[in-house]
Amino acid sequence: MTMHQSNDDTIPSGDQSSAPNAEPPSAPPESKTAVSVMPNEQDLDNQIIMNADHVEQPSVTVTGTSTTAQNYIFEGEIDNDFVDGAASNNLIAKQGHLSDGDEIGAVHVDEQAPQLNRRYYMRPSVLARNARARQERARNRRRQETADAGDNRETQTSQSGRETSTSYDGRSTLVRAISTLFASVWNAENQEGLVSATLVEEGEVFEAKPVGFLERKWKTFAVGMCFFLVLLAVLLSVFIAKEATEGPEKVLTIISSMQPSMQPSSPPSFTPGPTLEIVQTRGHVLCGLPSTIRESDEDLPLDLCRAIAAVLFGSPKKFEAVQVNSANRFQQLHGRSVDLLLSRDTHTVEREVRERTTGVGFTFSSPYYYDGVAYYGSETFVRCAEEEKRFDECDLLRICVTDSTTHYGIIESSFPPDFVAVGSSLGEMAAMLLNGTCNVIATNPSILLKWLKNKKNLDGKFVLGNKTIEKEPLAIVTRKDDREFSDILNWVVQSTFYGAEQELTKDSSLCQNYTNLTSRVSDLNFLNAVYCVGNYGELCEEILHHLGMNNMNDGTGMLYAIPFGELDSEDPDGPGDIMNISASLLNRIGNEKGALNCGVIVPHNFTWNFENSISVTYCRTVAAALFNGDFKRVKLLKFTENDESSFVALNNGTIDVLAGAEIKREYDFASPSLGGFHFSTPYYYGNEIASDDVRFFSFATREDDALFSSFVNCVVLATIYAQENDIKKKKSEEMPLLSMFGDGFNWVARDAIGYSGSYDQLYEKYFSEVAEEERGRNILNERGVPQIHSFPGLNHNG
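Residues numbered from 1 in each chain as written. Predicted model: local features only at pLDDT ≥ 70, side-chain atom pairs only at ≥ 80, totals over all residues. Heavy atoms only, no water.

Q: How would you sum up the overall build of the protein? Please name residues and give values.
A: Scanning the protein for helices and strands turns up 24 helices and 20 strands. Counting across all 798 residues of the protein, residues that qualify as buried make up 51%. A total accessible area of about 37,900 Å² is found for the protein, and carbon and sulfur atoms account for 51% of it. (Helix = DSSP H or I, 4+ residues; strand = E, 2+ residues; numbered from the N terminus. Buried < 20%, exposed > 50% of the residue type's maximum accessible area, 1.4 Å probe, protein only. Areas by Shrake-Rupley, 256 points an atom, 1.4 Å probe, with all protein chains shown as cover.)

So, in structure tokens, the structure goes:
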């Protein structure tokens, strides 16, 4: 903004005529200054009052009767009464209450023009009025000196003005600062933006800009904030000191309540009722699938989702694929965003009891695929990873692995952090492999080989290792609150196994499309999974040849222990289902009953001593795990096979657990007379041929106590784990400590093996005459031989 000022002073250098709007010096010095304000390049006759509506104008020119013209940088918001156009003959007198002939207040280039702001800090204070009076007296002296000087009037007046201004500035700097602060606090009606002007060379025009609130009031704001923070600190100190006087326990409670809760959050509100009814009412099932899978893909998890839809609705199209990832999949299931997970999730005991990201346990089906972890990358470094070597040529080894997976726990326990890099997906890890961030990828061979089919840019550059470093049984995951729905999905998996064993194949003519949906399990056609989608061999045809375990078992060893979970890392939030432990048999047997009531089923032709059987030994092994190694704290009740009274006794609580129970579909689901039952990992297999119903002998527990069922299953797994790791009875201390059941049961595996020993020690105690090659399925599956076989209970009629 260009501002031309009426001034009696002269400028030592520069042509006076160069000012574009300068008035001729014809008026006497004592005459009033005529001032007008208007936009640049407008006719002076068309004077415009400058108000808030004209702030956006690019420049304003102020002219007056003067022998000189001066330009000013003019910044700030000009209020409505800053200029009164032709209605006033004295702008400065009107705004600043100055007398005739008052100056703007700047005579040098780059010098501030303080008079422009006088009205903002001089009105509210006595100090400002006194300063104004002193300035007035200085002006009077200057005029008198000018009159006496005669011909040198202009020069002397200019020098005197400069001296007075300098003196005034020196005396009033503090006054101005104090007055400005008072004005900002007390003069609420004058909250308009300050106007600042600086003398500059001629010819430049600047646009007026508003001065922001914080720019004008930053000191006041800073002082206020400091005062507020000090007050807040004082109040908080007083509050804590007061609470401390009421006892340290209350202080700890207060501090604890301020920490973020690590306890599992409750799932959001949902429609109550059986999951089967909710899904059928919705009209489709929600399957949580990996984000890499599309609904048009041919993939095992996706095909299993189609098979589930075929059984629930009679149509394999009644499903919705919901993308999940390794970080959020269990939260999605817990929060009921999906009905089930088919995201290649590894079944572990830890996840049965307490999955770490949600704090709750989940139910797992029989494994639908036995996978593992293998290395892929540079041949040299793949060998380094398989040998766990980190020196010499292996010191540059870097392994990429996805976070929040069992893979990460495996790699983390085998290598230091600086040998590990984390990726969010297989695609990201492949990119990290190509750019040199890592030289080896750790992942499932089945996923990797399928993914590599379309990645021609990787052909020949890298190799897949020959060693599988960890077993990973992949299963369908469901919530624990509806075991019936979980059992339905498990039998969908079993039906695909059964179809492969019986050579039943996909046949759309046999795919039964339900005319009426039913919520009764007995009315569901499980073989729809085969006829509408395909048998197990058809579903995973592309990957069967990579891992031999995923073929139909023909009588070879089937003893296989699912992993316990992450054993080397402590869970800061303690055991899972902590709120249900007090109601579980796990707590009541120890604190109330004092002994385990174990039922034992024996064959019809059982003639030898009842207690001299593998099932009785397993009962005592469970007692040893419950009572700190005391295997004698067990009461045994004998039942005959095919006598339903054993399951009646289990159902009504006469016994806590039933040993020697055969896994059958009829006992898996609830009936009008019996509740549903849960079956542990089998500890003995029959020697039937593959196409027949093979008998699976296990522990049976009630489905309404998932925690106790997991504990009993853990005892069976401990005997197989000990055999896999060659841990004998005398070295039971080598068994891992298991924290998932709480501090009182950390030694569950050690106490179990301390009594029974490994599986072979237990087996040979009763079947010592049986040669190893004649043991059939009752040996370890340690060579990767076929592991797939269906449970009894399915037939060609569904």
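Q: Help me get a handle on the pattern of salt bridges, residues and values and all.
A: Considering all chains together, one arrives at 16 salt bridges under this definition. Between R282 and D339 there is a salt bridge, and its shortest N-O distance comes to 2.7 Å. Pair noted here: R282 is in helix α7 (residues 275–282) and D339 is in the loop between α9 (329–334) and β7 (340–346), with a separation of 57 residues, a long-range link. Owing to a relative accessible area of 31%, R282 belongs among the partly exposed residues under this scheme. The shortest N-O distance in the salt bridge between D481 and R479 comes to 4.0 Å. Residue classification places R479 among the buried residues on the basis of a relative accessible area of 10%. (Salt bridge = Lys/Arg side-chain N within 4 Å of Asp/Glu carboxyl O.)

Q: Describe in detail empty space enclosed by the protein, supporting the description with residues and values.
A: Per the counting criterion, the structure on display carries eight cavities of 30 Å³ or more. In terms of lining residues, the largest cavity is bounded by 41 residues, among which S365, S366, P367, F679 and F791 are the most central. Breaking the lining of the largest cavity down by element, the ones donating at least two residues are β8 (362–364), β14 (470–479), α15 (483–501), β18 (677–679) and α22 (706–724). Counting residues per element, the lining of the largest cavity draws most heavily on α15, which supplies eight residues. The class makeup of the residues in the lining of the largest cavity is 20 nonpolar, 16 polar and five charged. (1 Å grid on protein atoms, 1.4 Å probe; cavity = no way out; pocket = protein on both sides within 12 Å on 5 of 7 lines; lining within 4 Å. Points joined across faces, edges and corners; volume = space filled by probe spheres on them. Nonpolar A, V, L, I, M, F, W, Y, C, P; charged D, E, K, R; others polar.)

Q: I'd love a proper account of the environment of S646, names of residues and values included.
A: Residue placement: S646 occurs in helix α20 (residues 645–652). Of the residues examined, S646 reaches a relative accessible area of 1% and is grouped as buried. Residues S646 and G599 lie 47 residues apart in sequence; the distance between their C-alpha atoms is 7.2 Å. Leave out the neighbours within four places in its chain, and S646 touches I601, F639, I655 and L658. (Contact = heavy atoms within 4.5 Å.)

Q: So what's going on with the packing of helix α19 (residues 614–626) against helix α23 (residues 748–756)? Which residues, and what values?
A: For any two helices packed against each other, one specifies the crossing angle of their axes together with the interaxial distance. As a packed pair, α19 and α23 sit with axes 8 Å apart at the nearest point and diverge in direction by 140 degrees. One way to sum up the angle between α19 and α23 is to call them oblique. The way α19 lies across α23 gives a crossing that is right-handed. Between α19 and α23, the residues in contact are T617, R620, T621, A624 and A625 and V748, D751, A752, Y755 and S756, respectively. Along the lines of polarity and charge, the residues of the contact of α19 with α23 split into five nonpolar, three polar and two charged. (Axes fitted to C-alpha atoms, helices over the stretch in contact; angles between N-to-C directions. Parallel < 35°, antiparallel > 145°, perpendicular 65-115°, else oblique. Left-handed = near helix turned anticlockwise from the far one by under 90°.)

Q: Before we move on, can you summarise the layout of surface pockets with the specific residues and values?
A: Space inside the largest pocket adds up to approximately 1,100 Å³. In terms of lining, the largest pocket is formed by 45 residues, of which the most central are T406, G409, I410, G565 and E566. At the level of secondary structure, the elements contributing two or more residues to the lining of the largest pocket comprise α9, α10 (349–353), α11 (379–387), α12 (406–414), β14 and α22. Ranked by residues supplied to the lining of the largest pocket, first place goes to α12 with seven residues. Its residues assigned to classes, the lining of the largest pocket shows 15 nonpolar, 14 polar and 16 charged.

Q: Residue-level account of α19, with values.
A: Its 13 residues give α19 an end-to-end C-alpha distance of 19 Å, which sits within 8% of 18 Å, the value for a rise of 1.5 Å per residue. Counting buried positions over the 13 residues of α19 gives 13, a clear majority of the element. Following α19 by one or two positions, N628 has its phi on the positive side, about 55 degrees. (Expected span 1.5 Å × (residues − 1).)

Q: An account of the environment of K461 is requested, with residue identities and associated values reported.
A: The topology assignment puts K461 in the loop between α14 (445–452) and β13 (463–464). Judged by relative accessible area, K461 falls into the exposed class, the value being 53%.

Q: An account of the pairing of strand β15 (residues 596–602) is requested, with residue identities and associated values reported.
A: The element β15 is largely enclosed, with a buried count of seven among its seven residues. Alternating residues of β15 divide into L596, C598, V600 and V602 and N597, G599 and I601, and every residue in both groups is buried. Traced from β15 through α19 to strand β16 (residues 634–640), the parallel crossover comes out right-handed. Bridge count between β15 and strand β17 (residues 657–662): three bridges; the pairing is parallel. Note on β17: the bridge partner recorded for V600 is A659. (Right-handed = clockwise from strand over helix to strand, strands pointing away. Pairing = 2+ DSSP bridges.)

Q: Kindly report on α22, identifying the contributing residues and their values.
A: If you check α22, its first and last C-alpha atoms are 26 Å apart, about what 19 residues at 1.5 Å a residue would give, namely 27 Å. D726 sits one or two positions beyond α22 and adopts a positive phi of about 55 degrees.

Q: Can you explain the packing of aromatic side chains? Please cite residues and give values.
A: Going through the model one piece at a time under the given rule, you end up with 21 aromatic pairs. A centroid spacing of 4.5 Å and a plane angle of 25 degrees characterise the contact between F631 and Y755, whose relative ring orientation is stacked. You can see F631 sitting in the loop between α19 and β16 and its partner Y755 sitting in helix α23, a full 124 residues away along the chain. Relative accessible area serves as the criterion here: at 30%, F631 is assigned to the partly exposed category. Taking relative accessible area as the criterion, Y755 reaches 13% and is therefore assigned buried. Feature note: the residues Y684, F697, Y759, Y763 and F767 constitute an aromatic cluster, connected by ring pairs. Positioned above the aromatic ring of F419, the side-chain terminus of R398 is 5.2 Å from the ring centre. When the ring centre of Y763 is taken as origin, the NZ or CZ atom of R775, which lies over that ring, is 4.2 Å away. (Phe/Tyr/Trp six-rings, centres within 6.5 Å; stacked < 30°, edge-to-face > 60°. Lys NZ or Arg CZ within 6 Å of the ring centre and 35° of its normal.)

Q: Let's hear about the state of the cysteines: which residues, and what values?
A: Scanning the entire structure with this criterion turns up five disulfides. What pairs with C384 in a disulfide is C394, and their sulfur atoms sit 1.9 Å apart. The sign of the S-S torsion, about -70 degrees, decides the handedness of the disulfide formed by C384 and C394: left-handed. Highlighted residues: C384 in helix α11 and C394 in the loop between α11 and β10 (399–402), separated in sequence by ten residues. Classification of C394 by relative accessible area gives buried; the value is 1%. Between the sulfur atoms of C598 and its disulfide partner C619 the distance amounts to 1.9 Å. Judged by the sign of its S-S torsion, about -55 degrees, the bond between C598 and C619 is left-handed. (Disulfide = S-S within 2.5 Å.)

Q: Provide a residue-level description of the environment of Y408, including the pertinent values.
A: Along the chain, Y408 falls in helix α12. Judged by its relative accessible area of 24%, Y408 falls in the partly exposed class. Sequence separation between Y408 and V422 is 14 residues; the distance between their C-alpha atoms is 8.4 Å. What Y408 contacts, discounting residues up to four positions off in sequence, is V401, T402, D403, V420 and V422.

Q: Please provide a residue-by-residue account of the side chain of D487, values included.
A: Looking at where D487 falls in the secondary structure, it is placed in helix α15. In this structure D487 is buried but unpaired, with R483 as the nearest side chain of opposite charge at 4.9 Å. Sequence-distant contacts of D487, that is, excluding residues within four places in its chain, are made with D668, F669 and E703. (Lys, Arg positive; Asp, Glu negative; His and termini not counted.)

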